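Below are the chains, spelled out letter by letter.
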Amino acid sequence: RVHGETCLSLMLGDSVRQAAAVAMKAARVRLEAELTAAIEATSTIAAADKSTVAAALSTALDLGFEGGDMITETVTRFEDGLHSHDMEIKSAVTDFATETDKAVEALIFGRVAERFPSHVLIGEETVSTSPSGKTGMLTDEFTWIIDPIDGTTNFVHGQADVAVSIGLLRNRAPLLGVVVAPLHSQFFVAIAGLGAFRNGSRVHIPAARRAQVIPGSLIAGGFAYERTEAEYSAREQTYRRLVMGEPPMPPVHALRMYGSAVLSIVRVAEGKLDAYICHGLHCWDLAAAAVILAEAGAVLGSADGSAFDI
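Residues numbered from 1 in each chain as written. Predicted model: local features only at pLDDT ≥ 70, side-chain atom pairs only at ≥ 80, totals over all residues. Heavy atoms only, no water.

### Concerning the overall build of the protein
A count of helical and extended segments in the protein gives 10 helices and 12 strands. Expressed as a percentage of its 310 residues, the buried residues of the protein come to 49%. For the protein, contacts bridging at least 24 residues in sequence account for 64% of all contacts bridging at least 6. Here the protein displays about 14100 Å² of accessible surface, and carbon together with sulfur accounts for 54% of that area. (Helix = DSSP H or I, 4+ residues; strand = E, 2+ residues; numbered from the N terminus. Buried < 20%, exposed > 50% of the residue type's maximum accessible area, 1.4 Å probe, protein only. Contact = heavy atoms within 4.5 Å. Areas by Shrake-Rupley, 256 points an atom, 1.4 Å probe, with all protein chains shown as cover.)

In structure tokens form, the structure reads like this:
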């Protein structure tokens, strides 16, 4: 078992982790200043929207880092693991939320509603507890789509692949994405037309990686919460073709499952993965990661070949 401070110590070591956190926050300040200037200078964002986007960037970064601190604090406090931490079962025993999920989402919703009262809010935990199954409808207005902890199962089991995901849409298209992975001391930011960044440095998929062919590719996948025979069969067929090959298509180099859709997608943006394939994703899995992926030079599409539609 790897839990609590043991989890963090094994990843980086306490002193290194603390130094990384300080460096990450300094990089955030520099990047925010750079992107704020870029927002003002760009022609890709409507003049009437520029001040809102700049304020949204600052708010999303604040909330991503604060949410990440809440995750880290919880992991270090529950040294015996989070199995004893209050959990709420949602659609199935494999689909649940912790008190930290709900606390992080409440923090984000409260701050966004205070600063941007006209904006629409959609969040994984709020949707799951809403009688109508939704909090806001996707329109052309500014819409925040939140996943307070992507990788809740990892979080409960003391694994590092967890992230706070905050996406902002305008005209139904991803505009701003902030992803904070506190246990990796990493944060990702992208604004449509202005690039994608990891810890303040620009990321773009290398040309060689974009041209990667199937035999040399590293692909990530995942299983959604729905575990019907039909759902499992569809995934099994897809992953079998990738791992075993299906003439004339050879097998991939390897298949990985990280338990976090958001971090799997940003790893494609970094060039660490060649693709991520998963059935049954929701808008909160994609809202922030989609703009990071696009700005890094990758392509996001549907399994049937149609264009991506969040």
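Having put the structure on the table, let's press on.
### Observations regarding the pattern of salt bridges
In the structure shown here, the tally under the stated rule is 13 salt bridges. Measuring nitrogen to oxygen at the nearest pair gives 2.7 Å for the salt bridge that ties Arg28 to Asp62. Here the residue Arg28 occupies a position in helix 2 (residues 14-41), and Asp62 occupies one in helix 3 (residues 50-77), the gap between them amounting to 34 residues. Glu99 is the salt-bridge partner of Lys102, the closest N and O atoms lying 3.2 Å from each other. Of this pair, Lys102 and Glu99 both sit in helix 4 (residues 99-115), three residues apart, which is roughly one turn of that helix. Under the relative-accessibility criterion, Lys102 is labelled partly exposed at 27%. (Salt bridge = Lys/Arg side-chain N within 4 Å of Asp/Glu carboxyl O.)

### Overview of the sheet that holds strand 12 (residues 275-278)
With parallel pairing, the three strands of this open sheet are ordered in space as 11-10-12. Single-partner strands in this sheet number two, and they are strand 11 (254-257) and strand 12. Ignoring which end each strand starts from, the neighbouring axes of this sheet average 30 degrees apart. In this fold helix 9 (residues 261-270) packs onto strand 10 (218-222) and strand 12, with an angle of close to 150 degrees to the strand it touches most, strand 12. (Pairing = 2+ DSSP bridges. Axes fitted to C-alpha atoms, helices over the stretch in contact; angles between N-to-C directions.)

### Examining the environment of Asp274
The residue Asp274 is located in the loop between helix 9 and strand 12 in this model. Looking at Asp274, the relative accessible area reads 19%, which means it is buried. Through-space distance from the C-alpha of Asp274 to that of Gly216 is 9.1 Å; in sequence the pair is 58 residues apart. Only 2.7 Å separates the side chain of Asp274 from the backbone nitrogen of Leu218, close enough to count as a polar contact. (Polar contact = N/O pair within 3.5 Å; in protein donor to acceptor, adjacent residues only side chain to side chain.)

### Comments concerning the sheet that holds strand 3 (residues 120-123)
Spatial strand order, 3-4-5-6-7-8-9: seven strands in an open sheet with mixed pairing. Two strands lie at the open edges of the sheet, namely strand 3 and strand 9 (201-203), each paired on one side alone. In this sheet, neighbouring strand axes are inclined to one another by 20 degrees on average, regardless of whether the strands run parallel or antiparallel. Judged from the six bridges that link them, strand 6 (residues 173-181) and strand 7 (residues 186-191) form a sheet pairing that is antiparallel. Note on strand 7: the bridge partner recorded for Val179 is Phe188. Relative to strand 4 (residues 143-150), helix 4 is tilted by about 155 degrees, and along the sheet it contacts strand 3, strand 4 and strand 5 (163-170).

### Observations concerning helix 8 (residues 229-244)
In this model, helix 8 (16 residues) spans 21 Å end to end at C-alpha, consistent with the 22 Å of a helix rising 1.5 Å per residue. For helix 8, the set of buried residues is Arg235, Thr238, Tyr239 and Leu242. Projected onto a plane normal to the axis of helix 8, the buried residues spread over an arc of 90 degrees and lie on a single side. Of the exposed residues in helix 8, the ones pointing more than 90 degrees away from its buried face are Glu229, Ala230, Arg240 and Met244. (Expected span 1.5 Å × (residues − 1). Arc of directions from axis to C-beta.)

### Let's talk about the confidence of the model for the protein
Across the protein, pLDDT averages 85, with 83% of residues at or above 70. Across residues 91-95, where pLDDT falls below 50, the model places six contacts with residues more than four positions away in sequence or in other chains. Predicted confidence is poor over residues 128-134, with pLDDT under 50, and the contacts of this stretch with residues over four places away or in other chains come to four contacts. (pLDDT = per-residue confidence, 0-100.)

### Some thoughts on empty space enclosed by the protein
As enumerated under the stated definition, the model contains one cavity of 30 Å³ or more in all. If you add up the space inside the largest cavity, you get close to 40 Å³. Ala181, His184, Gln186, Phe188, Leu263, Val266, Arg267 and Glu270 are the residues that line the largest cavity. Put simply, the parts of the chain that give the lining of the largest cavity at least two residues each are strand 7 and helix 9. Class assignment for the residues of the lining of the largest cavity results in four nonpolar, two polar and two charged. (1 Å grid on protein atoms, 1.4 Å probe; cavity = no way out; pocket = protein on both sides within 12 Å on 5 of 7 lines; lining within 4 Å. Points joined across faces, edges and corners; volume = space filled by probe spheres on them. Nonpolar A, V, L, I, M, F, W, Y, C, P; charged D, E, K, R; others polar.)

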